[in-house]
Protein chains: 2
Amino acid sequence: MDFQKYYESRKKLVNAFLEKRMEKKGISNVDDAMKYSLLAGGKRLRPILLMATAEAVGANGYDYLPMACGLEMIHTYSLIHDDLPCMDNDDYRRGRLTNHKVYGEGMAVLAGDGLLTLAFEVMLEQRNVKPSVLVEVVHETAMCAGNFGMVGGQALDLDAENRQITARELKTLHEGKTGAMFIAAVRGGAHLAGASDEQLLALTRFAELIGLAFQIQDDILDVVSTEEELGKPIGSDEKNHKSTYVTLFGLDGAKQMAEDTMKEALACLDMFGEKAEPLRQIAGMMCHRRN
Amino acid sequence: MDFQKYYESRKKLVNAFLEKRMEKKGISNVDDAMKYSLLAGGKRLRPILLMATAEAVGANGYDYLPMACGLEMIHTYSLIHDDLPCMDNDDYRRGRLTNHKVYGEGMAVLAGDGLLTLAFEVMLEQRNVKPSVLVEVVHETAMCAGNFGMVGGQALDLDAENRQITARELKTLHEGKTGAMFIAAVRGGAHLAGASDEQLLALTRFAELIGLAFQIQDDILDVVSTEEELGKPIGSDEKNHKSTYVTLFGLDGAKQMAEDTMKEALACLDMFGEKAEPLRQIAGMMCHRRN
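Cut-offs used in this document
Residues numbered from 1 in each chain as written. Chains lettered and ligands numbered in written order. Predicted model: local features only at pLDDT ≥ 70, side-chain atom pairs only at ≥ 80, totals over all residues. Heavy atoms only, no water. Helix = DSSP H or I, 4+ residues; strand = E, 2+ residues; numbered from the N terminus. Rg over C-alpha atoms; globule rule 2.2 N^0.38 Å. Buried < 20%, exposed > 50% of the residue type's maximum accessible area, 1.4 Å probe, protein only. Areas by Shrake-Rupley, 256 points an atom, 1.4 Å probe, with all protein chains shown as cover. Salt bridge = Lys/Arg side-chain N within 4 Å of Asp/Glu carboxyl O. Least-squares fit on C-alpha atoms with pLDDT ≥ 70 in both. Contact = heavy atoms within 4.5 Å. Buried area = accessible area lost by both parts, 1.4 Å probe. Polar contact = N/O pair within 3.5 Å; in protein donor to acceptor, adjacent residues only side chain to side chain. Phe/Tyr/Trp six-rings, centres within 6.5 Å; stacked < 30°, edge-to-face > 60°. Expected span 1.5 Å × (residues − 1). Axes fitted to C-alpha atoms, helices over the stretch in contact; angles between N-to-C directions. Parallel < 35°, antiparallel > 145°, perpendicular 65-115°, else oblique.

Draft legend 1. Representation of the overall build of chain A within the structure. Tallying secondary structure elements over chain A gives 14 helices and two strands in all. A globule of 291 residues ought to have a C-alpha radius of gyration of about 19 Å, and chain A, at 18 Å, matches this closely. Principal-axis analysis of the C-alpha atoms gives chain A an extent of 50 × 45 × 35 Å. Here chain A holds 291 residues, and 58% of them are scored as buried. Carbon and sulfur atoms make up 50% of the accessible area of chain A, which amounts to about 11,500 Å² in all.

Draft legend 2. Structural detail: the pattern of salt bridges. Residues and elements named next belong to chain B. The full count for this structure, using the stated rule, is 30 salt bridges over all chains. Glu-125 is the partner of Arg-21 in a salt bridge, and the nearest nitrogen-oxygen pair spans 2.8 Å. With a gap of 104 residues between them, Arg-21 in helix H1 (residues 3-21) and Glu-125 in the loop between helix H6 (105-123) and helix H7 (131-145) connect regions that are remote in the sequence. We classify Arg-21 as buried; its relative accessible area is 10%. For Arg-205, the salt bridge goes to Glu-208, with nearest N and O atoms at 3.0 Å.

Draft legend 3. Geometry of the relation of the copies chain A and chain B. Superposing chain A onto chain B takes a rotation of 180° combined with a translation of 0.0 Å along the rotation axis, leaving an RMSD of 0.0 Å. The symmetry that links the two subunits is that of a two-fold axis. Of the C-alpha atoms belonging to chain A, the one lying closest to the rotation axis is found on Pro-131 of chain A, 2.7 Å away. Comparing interface residues between copies, 100% of those in chain A also lie at the interface in chain B; the contact surface is shared.

Draft legend 4. Broad picture of the interface of chain A and chain B. With 50 residues of chain A at the contact, the number on the chain B side is 50 residues. In this assembly, chain A packs against chain B so that about 4,100 Å² is buried in total across both faces, 73% of it on carbon and sulfur atoms. At the surface where chain A touches chain B, the tally comes to zero salt bridges. Here chain A and chain B share twelve residue pairs in polar contact (both at pLDDT 80 or more) between them. Listed by contribution, the elements that provide at least two residues to the side of chain A that touches chain B are helix H2 (30-38), helix H4 (65-83), helix H6 (105-123), helix H7 (131-145), helix H8 (150-160) and helix H9 (167-192) of chain A.

Draft legend 5. Highlighting the packing of aromatic side chains. Residue and element names in this part refer to chain A. With the rule as written, the count across this model stands at eleven aromatic pairs over all chains. Between Phe-3 and Tyr-7, the aromatic rings sit 5.7 Å apart at their centres with planes inclined by 55°, giving tilted as the arrangement. One end of the pair is Phe-3 and the other is Tyr-7, both in helix H1 (residues 3-21) and four residues apart, which spans about a single turn. According to the relative accessible area criterion, Tyr-7 is buried, its value standing at 6%. Taken together, a centroid distance of 6.3 Å and an interplanar angle of 15° make the contact between Tyr-245 and Phe-249 stacked. With Tyr-245 and Phe-249 both in helix H13 (residues 245-267) and four residues apart, the pair spans about one turn of that helix.

Draft legend 6. Examining the environment of Leu-79 of chain B more closely. Residue and element names in this part refer to chain B. Looking at the element boundaries, Leu-79 is found in helix H4 (residues 65-83). Considering only alpha carbons, one finds Leu-79 and Glu-161, 82 residues apart in sequence, at a separation of 18 Å. Among all residues touching Leu-79, those that are not within four sequence positions of it are Arg-93 and Arg-94.

Draft legend 7. Quick look at the environment of Thr-261 of chain B. Take Thr-261 of chain B: it is sitting in helix H13 (residues 245-267). The sequence separation of Thr-261 of chain B and Thr-166 of chain B amounts to 95 residues, and the corresponding C-alpha distance is 20 Å.

Draft legend 8. Representation of H7 of chain A in the model. Look at H7 of chain A: 21 Å from first C-alpha to last across 15 residues, which is about the 21 Å you get at 1.5 Å a residue. Every buried residue of H7 of chain A is listed here: Val-133, Leu-134, Val-135, Val-137, Val-138, His-139, Thr-141, Ala-142, Cys-144 and Ala-145 of chain A. Lining the buried residues of H7 of chain A we find H4, H6, H8 and H9 of chain A together with H6 and H7 of chain B.

Draft legend 9. Representation of the packing of H6 of chain A against helix H8 (residues 150-160) of chain B within the structure. It is the contact of H6 of chain A with H8 of chain B, at a shortest axis distance of 10 Å, that shows an interaxial angle of 170°. Taken together, the axes of H6 of chain A and H8 of chain B are roughly antiparallel relative to one another. Where H6 of chain A approaches H8 of chain B, its residues Gly-106, Met-107, Leu-110, Asp-113 and Gly-114 of chain A are matched on the opposing element by Val-151, Gln-154, Ala-155, Leu-158 and Asp-159 of chain B.

Draft legend 10. Summary view of unusual backbone geometry. Residue and element names in this part refer to chain A. The phi dihedral of Arg-44 falls on the positive side, at around 55°, and the residue is not glycine. Counting through the fold element by element, Arg-44 comes out in the loop between H2 and helix H3 (45-56). Even without glycine at this site, Asn-89 takes up a positive phi of about 55°. Counting through the fold element by element, Asn-89 comes out in the loop between H4 and strand E1 (92-93).

Draft legend 11. Region of interest: the packing of H6 of chain A against H6 of chain B. Relative orientation of the contacting elements H6 of chain A and H6 of chain B amounts to 10°, with a least axis distance of 11 Å. Compared by their axis directions, H6 of chain A and H6 of chain B come out roughly parallel. On H6 of chain B, the residues touching Asp-113, Leu-116, Thr-117 and Phe-120 of chain A of H6 of chain A are Asp-113, Leu-116, Thr-117 and Phe-120 of chain B.

Listed below in structure tokens is the structure:
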């Protein structure tokens, strides 16, 4: 398969859906701040992951654009809040000024709140699926996004600044901060597409492993990438005295760990045969990305 | 009816549900920050409004505690974010230190995010209702809470600081900031309880009007109340050069407006007879409250 072409076509679908959905105006200019970050491009990894998983199970990925794009809104809100001065205090994101640098801190807080809320609105607009299944999938997504998942991971991250944390604490932190939303994407896509229990189990393990590989690569890139390539300052982990897979295991150790994790992840997809090819390629991309 | 007793019993149900639900732990100490604000008491107006509306339509209000308490979580998150230094910058709320004064700004942002996300998780745990109805009610709640409603109103409020706004702009601002969530409560309760189209129409108008009356009273209290009674500094609107119903229409004008609005609201409930008595009393309480 031509993965490059596949990925670009899926990205276009996601971008078109998001642009169209944001044409529906709210009552204030918080819409502009929301659009500034949501429509800034990005890899659209989570929605494409959801669609590719649905395809692995035998459905059409583009039937689930509302659910898929809801995940991107959740991801985007988390970046906006994460960049705030009281959090990571970043001025640039994807090579552009961060939301609060353009709209002010108060508006950036609200833009994040608005996107998180809109995510649920949009996800609940998903059709082609039994309402009872939709309730279950959106409920699980909320669990993955909240204090049990992403928000919990962010809070652990905030607490971990300026102190050494153990490898175990680091794992819990990342399982929440980045892993949980990959699980929401993969399990959401599988569930919507009517996966069997056996399929769901294998895909859940797959999601856990690519989440881990993604985070290890993130830590590696913060050391080996350039500011131009990454679109944000490098070396920020060291600057903020953060524990990472690189500081804990060394650069070579982290690289080996990423490779091993990815191999294990791919093995989970064996039962899906040809139809999981996009998922395999996405996993590879996540592990070998340069930004 | 003994309204005092009715209200206290409903408040107990809400508090017990919230306490019980917060026993389910996340992965970090953002839970503590969430609980600090969520379990701090308060009037529990929105959940009780939802339950009383369901009762007016002939159902049992306590059957809908998950939906009702989700609204309280949304309300609480909005207070936490609203108190942040980059928003209203308040040190006290309900007579206690605000969330960020206790847990720091970063954690307060996350506590709000966590509560907003948990609200959807909890609402989607509502049983005793068809999944298709639940999808519709939670979807409408998201609309009321987001850039079309509460978040939009907050953004207008942020933009309105330090400049004069028109009576029309003030109305849109408050319809979003406070009105929308009263509409979510009343329409949510009505919808869950299986209200007819005619009932839904009357209750929607009722909700719009009590939202307006509530806001007018809010503006009046900022002038006539004491800091002790209100649990927060008075005169903050004047300090922040905010346009209010009092600055626009004078104290007497605002008081008259509140009374007229309340009368019109009560007329909407005529068709519900005796079963709407709690709703009537709640409306009166909202208009005559001292804090």
